[in-house]
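Analysis of the macromolecular model
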Amino acid sequence: MSSSKSASKSTASKKNKKLNSSQVEMKNVSKAYGETWESEEVLKNISVEFPAGELTVIVGPSGCGKSTLVNLLAGFEKPDVGEVTVDGKLVTGPAQDRMVVFQETALIPWQTTLENVTFGPKMRGEKKGRSLDDEAKELLVKVGLGEFIHKFPLQLSGGMQRRAELARALINEPTVMIMDEPFRGLDAMSRSLMQEFFLELFEENKKTNIFVTSEIDEAIFLADNLVILSNKPTTVQTVIKIDLPRPRNYKMLTSAKAFKYRKQAMDLLHGEAMKSFAISK
Amino acid sequence: MSAVGNFLKNTTTRRGVGAIVCFVIIWHIGAMIDDWTGVDVLGIGLVPPPGDVFAAFLGVIPKVGYWMSWVSSFSRVLAGFLVAMIIGIPFGLLLAVNRYFRGVFFPPFEILRPIPPLAWVPASLIFWPTNEMSIAFVTFLGAFFTIVINVLGGARSIDISYLRAAQSMGASQMDLFWKIVLPGTLPSIFTGAAVGMGITWEVVLAAEMISGGGTQGGGGLGFFIWNSYMGGSLEQIVVGMISIGIAGYICSSTIRKIGYFFMPWRRLF
């Protein structure tokens, strides 16, 4: 027991020495779908910075192209115009430095929790066998899944699946974590527990985090920077710096400052939502 | 006695046995109702009662010819089915993962697919040198199209986020195929196999009746039924039908067992 503890400490200190966050930038990015004569512009001229080691939350009305934004950041899709860079280097495709936690779970159903977590390092042939398994187990214990390593994803609850997914992303030692509405579909209780858990993780490892959500409270609770999108086509409307102390807890959401942020964000988003509602009518 | 007791402890088994017993009782009532009432009630007076069929069953059990029918039908089904699996699974997967392959092979496949396997019987009797080969070919067709269309559909409906997740973790194209596409298609492969197996039995039986089964004793269960019909033995016809039912059940439960073995993550349902 004590030996495993000291082992975990040593790996943790090793990781701290490594660069573990990157500066991400989108410059004048536009993206449209469909054939040229009837294409629908989803993103228009988006320029936004995601500072290294900070948690930036993107919030916008539903259906405004948040997932497209994620796909561009992850490299699953390419922008029509403009560029996405990580530490100044152009993004040309998906890579292990940018891990995505998807909206619905993307744990591979035919692999156990442990197999899911070790998948990345195995595929790249970096680590193998016992030491990899031990590292994965350590991570799974950390996310509270120590007893579920041999279960299949469908045997886990929604909250457990998200935690397994966090572990699967973290083992690849990404410098950027991209979270695409990761807690959507969880019940209110698991959701707030997951938010607190996620913040703890973030405050501990300080990776660059890009977190997409449509929930304002969640956004304010988590964010260093709040990027508010406008709708049809999507552009960046405002970036609000959320100046609440860390480590955070839920009580801060009821502070006067948080209320002020909330009102500001609500006003902006409400206007956008009304606009898109009017268009769809 | 305790073995039977244990066997019946399982609720599912008990229900199944009960249902079969009920079915046999209704069958018996249906078959006997004319005798009991003296009028032709439902126009089913000729249906032999289960007792007679059971007696006929006992009558054929010691006969080699009956078991040879099993063997020949089974071997035809297995031959056609296995070849269909061996060709159909890779073919379906290729259609799913390669755009060019799909562009070339999907249209002719789709034109051939709606042709019922039995429509191939006359042509294949002429084309193939032996009866046996033409029956095997028609059985193959019966399973092939079903397997391919299931594999194709299954592989194409794999959630793209699995592929994206694997890709961003550094999986190569080969890894994507072996770790994501293939296991993700397994459920559809087994669905295709189960449905294909059913069609194979249908086709074999019909082909055996049409072709007359060929050599002595090698006629298969289809020919057994046809022969019983020609010989006017109603009981034996029913024996043949039930034999096919049992054979089909053995096949489908075997496929289920194999599927259970290969897809541990589906055991949860």
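Residues numbered from 1 in each chain as written. Chains lettered and ligands numbered in written order. Predicted model: local features only at pLDDT ≥ 70, side-chain atom pairs only at ≥ 80, totals over all residues.

**A closer look at the overall build of chain B**
Note the threshold: Working definition: helices are DSSP H or I runs of at least four residues, strands are E runs of at least two. Numbering for both runs from the N terminus. When we talk radius of gyration, it's over C-alpha atoms, and the globule rule is simply 2.2 Å times the number of residues to the 0.38.
Scanning chain B for helices and strands turns up 11 helices and 0 strands. Element order for chain B, N to C, with α for helix and β for strand: α-α-α-α-α-α-α-α-α-α-α. Relative to its length of 269 residues, chain B is extended, with a C-alpha radius of gyration of 23 Å against a globular reference of 18 Å. Viewed in the frame of its principal axes, chain B has a C-alpha envelope of about 75 × 55 × 35 Å.

**Examining the overall build of chain A**
Rule in force here: Whether two residues are in contact depends on their C-beta atoms, placed from the backbone: they are in contact if these lie within 7 Å.
Broken down by element type, chain A carries 8 helices and 10 strands. For chain A, whose C-alpha radius of gyration is 19 Å, the value lies close to the compact-globule estimate of 19 Å for 281 residues. With respect to the principal axes defined by its C-alpha atoms, chain A has extents near 60 × 45 × 35 Å. Here the analysis covers contacts within chain A between residues at least 6 apart in sequence; of these, 70% occur between residues at least 24 apart.

**Details of the domain arrangement of chain B**
Often, the extent of an interface is quoted as the loss of accessible area on bringing the components together. Residues and elements named next belong to chain B. To keep things clear, this is the line we draw: Each domain span listed reflects an automatic or database assignment of domains.
Domains assigned within chain B are domain 1 (1–47) and domain 2 (48–264). On a C-alpha basis, the centroid separation for the pair domain 1 and domain 2 is 31 Å. Each partner contributes residues to the interface: domain 1 has 7 residues there, and domain 2 has 4 residues.

**A word on the interface of chain A and chain B**
Formally: Only Asp, Glu, Lys and Arg are considered charged, only Ala, Val, Leu, Ile, Met, Phe, Trp, Tyr, Cys and Pro nonpolar, and every remaining residue, Gly among them, polar.
Taken together, the contact pairs 22 residues of chain A with 14 residues of chain B. For the side of chain A that touches chain B, the secondary-structure elements that each account for two or more residues are β6 (98–101) and α3 (113–124) of chain A. A class-by-class count of the residues in the side of chain A that touches chain B yields 15 nonpolar, 4 polar and 3 charged.

**Comments concerning helix α11 (residues 234–262) of chain B**
Residues and elements named next belong to chain B. Heads up, the rule is: A helix is expected to span 1.5 Å multiplied by its residue count minus one. Put plainly, a residue is buried at 20 or more neighbouring C-beta atoms within 10 Å of its own, exposed at 12 or fewer, and partly exposed in between, counting only other residues' C-beta atoms, which are placed from the backbone.
Compared with an ideal rise of 1.5 Å per residue, which puts 29 residues at 42 Å, α11 spans 43 Å between its outermost C-alpha atoms and is within 8% of the ideal. Along α11, the residues classified as buried are Q236, I237, V238, V239, G240, I244 and C251. For α11, the elements touching its buried residues are α3 (50–60), α9 (173–211) and α10 (220–230).

**Focus: unusual backbone geometry**
Residue and element names in this part refer to chain A. Put simply, R246 and P247 share a cis peptide bond, and its omega is -5°. Looking at the element boundaries, P247 is found in the loop between β10 (235–241) and α8 (256–280). One non-glycine residue, D87, adopts positive backbone phi at about 50°. Tracing the sequence through the fold places D87 in the loop between β4 (81–86) and β5 (89–90). In this structure D87 comes out as partly exposed when scored by C-beta crowding, with 15 C-beta atoms within 10 Å. Phi angles above zero are rare outside glycine, and E181 is one such case at about 40°. Note that E181 resides in the loop between β7 (176–180) and α6 (188–205). What makes E181 buried here is the crowd of 21 C-beta atoms within 10 Å.

**Thoughts on the sheet that holds strand β8 (residues 208–213) of chain A**
Strands pair in a sheet through their backbones, by hydrogen bonds, and they do so in one of two ways: parallel or antiparallel. Residues and elements named next belong to chain A. Definition in use: A pair of strands is treated as paired once DSSP finds two or more bridges between them. In this analysis, axes come from line fits to C-alpha atoms, helices being fitted only over the stretch in contact, and the angle between any two N-to-C directions falls in the range 0 to 180 degrees.
In space, the 6 strands of this open sheet follow the order β6-β7-β8-β3-β9-β10, with mixed pairing throughout. Edge strands, defined here as strands with exactly one partner in the open sheet, are β6 and β10. If you compare each strand with its neighbour and ignore which way they point, the axes differ by 20° on average. Across 5 bridges, strand β3 (residues 55–59) lies against β8 in parallel orientation. From the neighbouring strand, V59 faces β8, where its bridge partner is T213.

**Observations concerning the packing of α9 of chain B against α11 of chain B**
Residue and element names in this part refer to chain B. Quick note on the threshold: Between 65 and 115 degrees an angle is taken as roughly perpendicular, under 35 as roughly parallel, over 145 as roughly antiparallel, and anywhere else as oblique. Throughout, a crossing is termed right-handed when the near helix is turned clockwise from the far one, and left-handed when it is turned anticlockwise from it by less than a right angle.
In the contact formed by α9 and α11, the axes pass within 10 Å of each other and the chain directions differ by 165°. Here α9 is positioned roughly antiparallel relative to α11, judged by the angle of their axes. Taken as a pair, α9 and α11 cross one another with a handedness that is right-handed. Taken together, the residues of α11 that come into contact with α9 (itself represented by L186, F190, A193, A194, M197, G198, W201 and L205) are I244, A247, G248, C251, S252, I255, G259 and F262. Here the residues of the contact of α9 with α11 are counted per class, giving 12 nonpolar, 4 polar and no charged.

**Here's the deal with the nonpolar core**
Rules: For our purposes the nonpolar core covers buried Ala, Val, Leu, Ile, Met, Phe, Trp, Tyr and Cys residues that link as a set through C-beta atoms within 7 Å.
In this structure, V57, L73, I178, I210 and L226 of chain A are the most contacted members of the largest nonpolar core, which totals 118 residues. The element best represented in this core is helix α7 (residues 131–156) of chain B, accounting for 15 residues. Contact partners of L73 of chain A, with chain neighbours within four places excluded, come to V24, V84, R98, I178 and I210 of chain A.

**A look at the packing of α10 of chain B against α11 of chain B**
Residue and element names in this part refer to chain B. Close contact between α10 and α11 brings their axes to 8 Å; oriented N to C, the two are set at 165°. Comparing the axis directions of α10 and α11 gives the class roughly antiparallel. Our pair here, α10 against α11, has a crossing hand that is left-handed. On the side of α10, the interface is formed by L221, F224, I225, S228 and Y229, while α11 contributes Q236, I237, G240, M241, S243 and I244.

**Comments concerning the pairing of strand β9 (residues 225–230) of chain A**
All names here are of chain A. With 5 of its 6 residues buried, β9 lies for the most part within the structure. As paired elements, β3 and β9 share 4 bridges and run parallel to each other. Looking across to β9, one finds that I58 is bridged to V227. Here 6 bridges tie β9 to β10, and the two strands are oriented antiparallel to one another. Bridged to N225 within β10 is K241. Where β9 folds back onto β10 in an antiparallel hairpin, the turn is made up of 4 residues, including K232, whose phi is positive at roughly 50°.

**Quick word on the pairing of strand β1 (residues 24–33) of chain A**
Residues and elements named next belong to chain A. Strand direction decides the pairing type here: β1 and strand β2 (residues 40–50), joined by 7 bridges, are antiparallel. Of the residues in β2, the one forming a bridge with Y33 is E40. Counted along the chain from β1 to the antiparallel partner β2, the turn is 6 residues long, and its residue G34 has a positive phi close to 95°.

**A closer look at the environment of S30 of chain A**
Residue and element names in this part refer to chain A. One can find S30 in strand β1. Distance in space between the C-alpha atoms of S30 and K78 is 9.7 Å, their sequence separation being 48 residues. Setting aside residues up to four positions removed in sequence, S30 forms contacts with E41, L43, K44, N45, P79, D80, V81 and G82.

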